[in-house]
Amino acid sequence: MRPFSPALVVVWLLLAALVPSVLAQTDDDEPEYRSGLVATFTRHDGSSFTRVDEDVQLDSLIAGSEYRPDARLGIDEPWQANWQGRLFTIVPGTYRIHLYVVGKVKVAFKGQTLLDADSMEPRWIDSAPFESNYGHHPITIEYVPPKSGARLGLYWSGPQFALEPIPDRHWFHDPAHTPTSAFESGRLLAQALQCAQCHRQPDDSAAPRGPDLSRLKGQIHAAWIVDRLTAPVTASNESADVLTRSTRMPHFVMPEADATAIASW
């Protein structure tokens, strides 16, 4: 058997050292686009919030009279929505956008308006044919619902398929526009910590044993909630809690990031 060459051993050692760093660099690279559309919901007073949506489908006609597309909106509160991102088309050819809608809607693709319509009752609206090639193309959907009965469904047809909902794998957005996930993280934390055992939350009709979280606006500020959730246990507050355990919230002493997420929710 031929002996190992010292030069070959050195090459192997160098490769062993370099490969993990190359793989780590690849894993850490920011993707060109992230999944989903950035949805912005604007209230009547001008305030707004954003989230990432996998598709564009709203339907209060099925959800019921107390429908709202997000828990951050009040029941019967006027709102409007805007989705921005990129539509990924693979096969070059002719496409159409199809809407099933009630309300005002405007769709722009690659800076050109495809649809601008207003319907007082649910109906199908089709765009004119448009050409698209392979790539992630900018798209914007603006929607203003009526006072009741919001409905918006976004569909398409293309060179090799008939009308269908646009699959979530075709929706993307620029990473720089990704909104914070603090609200959703806070909702999951509140669920895991069973906050609903004592506090009434949005969409909850049970009588609360603690402060009603659905009526906090203008009464308790986020900074106070963060301070309360991160407060360390001391001899004085622990003894006070023992005496009033049935009416006082326990001291969680949670990390500030978690407390901030719950405050956002």
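For the structure itself, look to the data block above.
Residues numbered from 1 in each chain as written. Predicted model: local features only at pLDDT ≥ 70, side-chain atom pairs only at ≥ 80, totals over all residues. Heavy atoms only, no water.

J.: Hey, could you run me through the overall build of the protein chain in this one?
T.: Each helix and strand counted, the protein chain has 6 helices and 12 strands in total. Residues counted as buried form 35% of the 265 residues belonging to the protein chain. Taking the contacts inside the protein chain whose residues are at least 6 apart along the sequence as the reference set, 66% of them involve residues at least 24 apart. Accessible surface, the protein chain as shown: approximately 16500 Å² in total, 56% of it carbon and sulfur. (Helix = DSSP H or I, 4+ residues; strand = E, 2+ residues; numbered from the N terminus. Buried < 20%, exposed > 50% of the residue type's maximum accessible area, 1.4 Å probe, protein only. Contact = heavy atoms within 4.5 Å. Areas by Shrake-Rupley, 256 points an atom, 1.4 Å probe, with all protein chains shown as cover.)

J.: It is not clear to me how the environment of G210 should be interpreted in this structure. Could you clarify?
T.: Note on placement: G210 falls in the loop between α3 (182–192) and α4 (222–230). Between the C-alpha atoms of G210 and A196, which are 14 residues apart in sequence, the distance is 9.3 Å. Other than its neighbours up to four places away in sequence, G210 contacts C198 and H199.

J.: Sorry, what's going on with the packing of α3 against helix α6 (residues 256–264) here?
T.: Running from N to C, α3 and α6 point in directions that differ by 100 degrees, and their axes come no closer than 7 Å. Relative to α6, α3 is oriented roughly perpendicular. The residues of α6 that touch α3, namely those facing A182, F183, S185, G186 and L189, are D258, A261, I262 and S264. Classifying every residue of the contact of α3 with α6 by side-chain character gives 5 nonpolar, 3 polar and 1 charged. (Axes fitted to C-alpha atoms, helices over the stretch in contact; angles between N-to-C directions. Parallel < 35°, antiparallel > 145°, perpendicular 65-115°, else oblique. Nonpolar A, V, L, I, M, F, W, Y, C, P; charged D, E, K, R; others polar.)

J.: How do you make sense of the nonpolar core when you look at a structure like this?
T.: As a rule of thumb, soluble globular proteins bury nonpolar side chains together. In terms of nonpolar packing, the biggest core is built from 33 residues, with W83, I97, L99, I141, Y143 and L152 touching the most fellow members. Going through the elements one at a time, β2 (37–43), β5 (79–89), β6 (93–109), β7 (112–126), β9 (135–144) and β10 (151–158) are the ones with two or more residues in this core. Of the residues forming this core, the biggest block, 7 residues, is contributed by β6. In contact with L99, other than residues within four places in its own chain, are V105, V107, L115, R123, W124, I125, L152, G153 and L154. The next biggest cluster of nonpolar side chains, apart from the first, holds 7 residues, and it includes I225, L229, A259 and I262. (Core = buried A, V, L, I, M, F, W, Y, C linked by side-chain atoms within 4.5 Å.)

J.: What exactly am I supposed to notice about the pattern of salt bridges here?
T.: Working definition: two side chains of opposite charge can pair if their charged atoms are close together. Applying the stated criterion across every chain, the model contains 7 salt bridges. Here R187 and E184 are joined by a salt bridge, their closest N and O atoms 2.5 Å apart. Of this pair, R187 and E184 both sit in helix α3, 3 residues apart, which is roughly one turn of that helix. Each of R51, D53, D70 and R72 takes part in one network of salt bridges that share partners. (Salt bridge = Lys/Arg side-chain N within 4 Å of Asp/Glu carboxyl O.)

J.: Just checking my understanding: could you explain the side chain of S157 for this structure?
T.: With respect to the helices and strands, the residue S157 is situated in strand β10. There is a polar contact of 2.8 Å between the side chain of S157 and the side chain of H98. Leaving out residues up to four positions away in the same chain, S157 has contacts with T94, Y95, R96, H98, A162 and L163. (Polar contact = N/O pair within 3.5 Å; in protein donor to acceptor, adjacent residues only side chain to side chain.)

J.: Where do I start with the pairing of β2 in this structure?
T.: Residues in a regular strand project their side chains so that they alternate between the two faces of the sheet. Judged by how many residues are buried, β2 sits mostly within the fold: 5 of 7 residues are covered. Pairing of β2 with strand β3 (residues 48–53) involves 6 bridges; the strand directions are antiparallel. Bridging from a neighbouring strand, F41 pairs with F49 of β3. Turn length for the β2-β3 hairpin, with the two strands adjacent in sequence and antiparallel, is 4 residues, and the turn residue G46 shows positive phi of about 95 degrees. Inspection of the sheet shows β2 paired to β5 by 6 bridges, in the antiparallel sense. Its bridge partner lying in β5, T40 is registered against N82. (Pairing = 2+ DSSP bridges.)

J.: How do you make sense of the packing of aromatic side chains when you look at a structure like this?
T.: With the rule as written, the count across this model stands at 13 aromatic pairs. Taken together, a centroid distance of 5.8 Å and an interplanar angle of 55 degrees make the contact between F41 and W79 tilted. With F41 in strand β2 and W79 in strand β5, this pair connects stretches of sequence that are 38 residues apart. Residue F41 is classed as buried on the basis of its relative accessible area of 0%. A centroid spacing of 4.9 Å and a plane angle of 50 degrees characterise the contact between F109 and F130, whose relative ring orientation is tilted. With F109 in strand β6 and F130 in strand β8 (residues 130–132), this residue pair connects regions lying 21 residues apart in the sequence. Three or more aromatic residues joined by ring pairs make a cluster, and in this case those are F41, F49, W79, W83 and Y143. Geometry around F183 places R72 over its ring, the cationic atom sitting 3.9 Å from the centre. (Phe/Tyr/Trp six-rings, centres within 6.5 Å; stacked < 30°, edge-to-face > 60°. Lys NZ or Arg CZ within 6 Å of the ring centre and 35° of its normal.)

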